[in-house]
Amino acid sequence: MNRPLPEKTDIIVVGAGLMGTSIAYHLARMGADRVLVLEQGFVGAQGATAKSLGGIRTQFATEINVRFSLASKTVFENFEAEFGIKLHYTPSGYLYLTGSDRGRRIFESTAALLDRMGLFAEILDPEEIARRWPFLETGNLTGACWTPQDGYYSINEVAQGFAQGARRLGVQIHEETKVTEVLTRNRRVTGVRTHTGRIIQSDWVVNAAGPWSGLVAASAGVDLPVGPLRRHLFMTGPFDRLPPLLPFILYFDSGWYMRREGPALLLAGPSDNTDSQRTFSEKVDFDAQEWTAEQSIQRIPVLENAGILRGWIGHYALSPDRHAVIGAYPELSGFVVCTGFSGHGFQHSPAAGRVTAELIVSGRSETLDIHPLRPTRFREKDLIEEPLTSFKNR
Ligand SMILES: Cc1cc2nc3c(=O)[nH]c(=O)nc-3n(C[C@H](O)[C@H](O)[C@H](O)COP(=O)(O)OP(=O)(O)OC[C@H]3O[C@@H](n4cnc5c(N)ncnc54)[C@H](O)[C@@H]3O)c2cc1C
């Protein structure tokens, strides 16, 4: 049961998705006192976390993303020892496909980057792709990048593990408590106002509000270009005309992807970065279902025999360069953001929580260099593009 909301605390974390719970856990583990998490809904039950597919890959085009994956992987592999919860892992591998020369060039530079970092990635020609996965249509492909060391976890246990771990260390998590305003005075954070009008004083406010984080930042008077990007997902019924263990298959050029979910299949619908997709709407569009069926059958013709049973919407926290945003603003002391993970925040949540906590407790991140992820990079026009996403490629 929740204790009553305090009038004053040391650190407020806004949002109890993967980021908020991970940050709170790491803060408490580093000895921070009086950490309060405020969540408008329930722990991990809405936003990006609730819809995540749990993929973890080393296959990124930028070194910083690979480093976040590696730092987080160690935590997932030792999750039971640290959190007392056994995670379910599927060693599917990640298979990125492309039909373009640009895609092939990005795959080749990604494979070279991974090689320099001592990791494995294999570039495959269409003939080899067809030999290994004969169910794939390879006619229009220019190549693939295959990382067999990648896979996916069951995700709910991770958010719950962080939250339980944080509570055990004394963190208070208040659900159904929306932050309506971040309060500031003389370029300093002073606390928050909740939806009941209640004011809680605090010297630190951490914005871990995922797709809503741009709105939370605006209430503090700072600019954070992170907002929702809708993604349709569809689930088939049990389908045994494909192998039980399939790669996580992504088509770089259109943003379509697919992975197994038990005996069924999860198929990704369109995720165009257009105005109509940048909303919090949960409406499933029939056009999206058609697009998904077409893309799926083009790539895997046997899917003509699979029926779509249901569809839903997930909201990514999209940043302009599809990299996370972690850090503070020089003009507002005490306000820290950790958001914008654009489709790879599950796999980076352990490391992201840790570096954000380090920033608050020690004044700098010791685990990883997060300077390239600072929120001021947008106004400084110092963006770092990640082309290997699960969205339609630009
Ligand atoms: C369809 C889909 C598939 C994905 N697949 C993968 C994958 O395979 N691998 C991977 O690594 N990542 C994946 N991701 C991304 C990953 O899920 C996210 O990056 C991660 O969950 C982000 O967590 P978060 O805590 O930043 O945001 P969220 O989970 O959205 O949490 C933010 C929380 O803040 C709360 N909140 C917002 N505003 C307020 C407020 N004013 N007051 C109080 N609370 C507030 C919300 O209710 C929410 O609970 C996927 C995302 C989607 C949408």
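If you're wondering where the values come from, they're calculated on a predicted model, not measured in any experiment.

Peer 1: Looking at this model, I keep getting lost on the overall build of the protein. Mind explaining?
Peer 2: A tally of regular secondary structure across the protein gives 10 helices and 20 strands. For the protein, whose C-alpha radius of gyration is 21 Å, the value lies close to the compact-globule estimate of 21 Å for 394 residues. Each principal axis of the C-alpha distribution contributes one length, and for the protein these read about 65 × 45 × 45 Å. Taken over 394 residues, the protein has a buried fraction of 58%. Considering only contacts within the protein whose residues lie at least 6 apart along the sequence, 76% involve residues at least 24 apart. Summed over all atoms, the accessible surface of the protein reaches about 16200 Å², with 50% contributed by carbon and sulfur. Charge-centre separation for the protein: the mean point of 41 positive side chains lies 4 Å from the mean point of 43 negative side chains.

Peer 1: Just checking my understanding: could you explain the pairing of strand E19 (residues 325–329) for this structure?
Peer 2: The side chains of a regular strand alternate between both faces of the sheet. Counting buried residues along E19, 4 of its 5 residues qualify, which places the element largely inside the surrounding structure. Both E19 and strand E20 (residues 332–339) contribute to a ladder of 5 bridges, which runs antiparallel. Across the sheet, the residue bridging to Ala-328 is Val-336, located in E20. Here E19 folds back onto E20 in antiparallel fashion, the turn holding 2 residues.

Peer 1: I would appreciate a short explanation of helix H7 (residues 156–168) in the present structure.
Peer 2: Count 3.6 residues to each turn of an α-helix, and residues three or four apart come out pointing the same way. With 13 residues, H7 extends 18 Å between its outermost C-alpha atoms, agreeing within 8% with the 18 Å of an ideal straight helix rising 1.5 Å per residue. Those residues of H7 that sit buried are Val-158, Ala-159, Gly-161, Phe-162, Ala-163, Gly-165 and Ala-166. Among the structural elements, helix H1 (18–29), helix H2 (47–51), helix H3 (63–77), helix H4 (79–83), strand E9 (172–174) and helix H10 (345–362) are those in contact with the buried residues of H7. One or two residues past the end of H7 sits Gly-170, with phi positive at roughly 100 degrees.

Peer 1: Sorry, what's going on with the packing of H1 against H10 here?
Peer 2: Helix-helix packing: each pair is described by the crossing angle between the helix axes and the interaxial distance. Contact pair H1 / H10: the axes reach a minimum separation of 8 Å and the direction vectors enclose 45 degrees. Here H10 runs oblique to H1, going by the angle between their axes. By crossing handedness, the relation of H1 to H10 is classed as right-handed. For the pair formed by H1 and H10, the contact residues are Leu-18, Met-19, Ser-22, Ile-23, His-26, Leu-27 and Arg-29 on the first element and Gly-345, Phe-346, Ser-349, Pro-350, Ala-352, Gly-353, Arg-354, Thr-356, Ala-357, Ile-360 and Val-361 on the second. Residue classes in the contact of H1 with H10 are distributed as 10 nonpolar, 6 polar and 2 charged.

Peer 1: Please explain the packing of aromatic side chains as it appears in this structure.
Peer 2: How two aromatic rings sit relative to each other is given by the distance of their centres and the angle of their planes. Counted under the stated rule, the structure contains 17 aromatic pairs. Plain terms: the ring middles of Phe-248 and Tyr-257 are 5.5 Å apart, the flat faces sit at 50 degrees to each other, and that makes the pair tilted. Pair check on accessibility: Phe-248 and Tyr-257 agree, each one buried. When the ring of Tyr-329 is compared with that of Phe-335, the centres are 6.1 Å apart and the planes differ by 35 degrees; the resulting orientation is tilted. When sorted by exposure, Tyr-329 lands in the same class as Phe-335, which is buried. Taken together, the aromatic side chains of Tyr-25, Phe-79, Phe-83 and Phe-162 make up a single cluster linked through ring pairs. Arg-259 extends its terminal NZ or CZ atom over the ring of Tyr-152, reaching a point 3.9 Å from the ring centre.

Peer 1: Quick question: what am I supposed to make of the site of the ligand here?
Peer 2: Taken together, 39 residues lie around the ligand, and Glu-39, Ala-48, Thr-49, Gly-55 and Gln-347 are the ones closest in. Between the ligand and Ala-48, the relevant distance is 2.8 Å, taken from an oxygen atom to a main-chain nitrogen or oxygen of the residue. Elements with a minimum of two residues in the shell around the ligand: H1, H2, strand E14 (227–236), strand E18 (308–318) and H10. The class makeup of the residues in the shell around the ligand is 18 nonpolar, 17 polar and 4 charged. Each of domain 1 (11–53 + 156–226 + 321–377) and domain 2 (90–149 + 228–314) accounts for three or more of the residues forming the shell around the ligand.

Rules and cut-offs
- Residues numbered from 1 in each chain as written.
- Predicted model: local features only at pLDDT ≥ 70, side-chain atom pairs only at ≥ 80, totals over all residues.
- Heavy atoms only, no water.
- Helix = DSSP H or I, 4+ residues; strand = E, 2+ residues; numbered from the N terminus.
- Rg over C-alpha atoms; globule rule 2.2 N^0.38 Å.
- Buried < 20%, exposed > 50% of the residue type's maximum accessible area, 1.4 Å probe, protein only.
- Contact = heavy atoms within 4.5 Å.
- Areas by Shrake-Rupley, 256 points an atom, 1.4 Å probe, with all protein chains shown as cover.
- Lys, Arg positive; Asp, Glu negative; His and termini not counted.
- Charge placed at Lys NZ, Arg CZ, Asp CG, Glu CD.
- Pairing = 2+ DSSP bridges.
- Expected span 1.5 Å × (residues − 1).
- Axes fitted to C-alpha atoms, helices over the stretch in contact; angles between N-to-C directions.
- Parallel < 35°, antiparallel > 145°, perpendicular 65-115°, else oblique.
- Left-handed = near helix turned anticlockwise from the far one by under 90°.
- Nonpolar A, V, L, I, M, F, W, Y, C, P; charged D, E, K, R; others polar.
- Phe/Tyr/Trp six-rings, centres within 6.5 Å; stacked < 30°, edge-to-face > 60°.
- Lys NZ or Arg CZ within 6 Å of the ring centre and 35° of its normal.
- Near = heavy atom within 4 Å.
- Polar contact = N/O pair within 3.5 Å; in protein donor to acceptor, adjacent residues only side chain to side chain.
- Domains from an automatic or database assignment.

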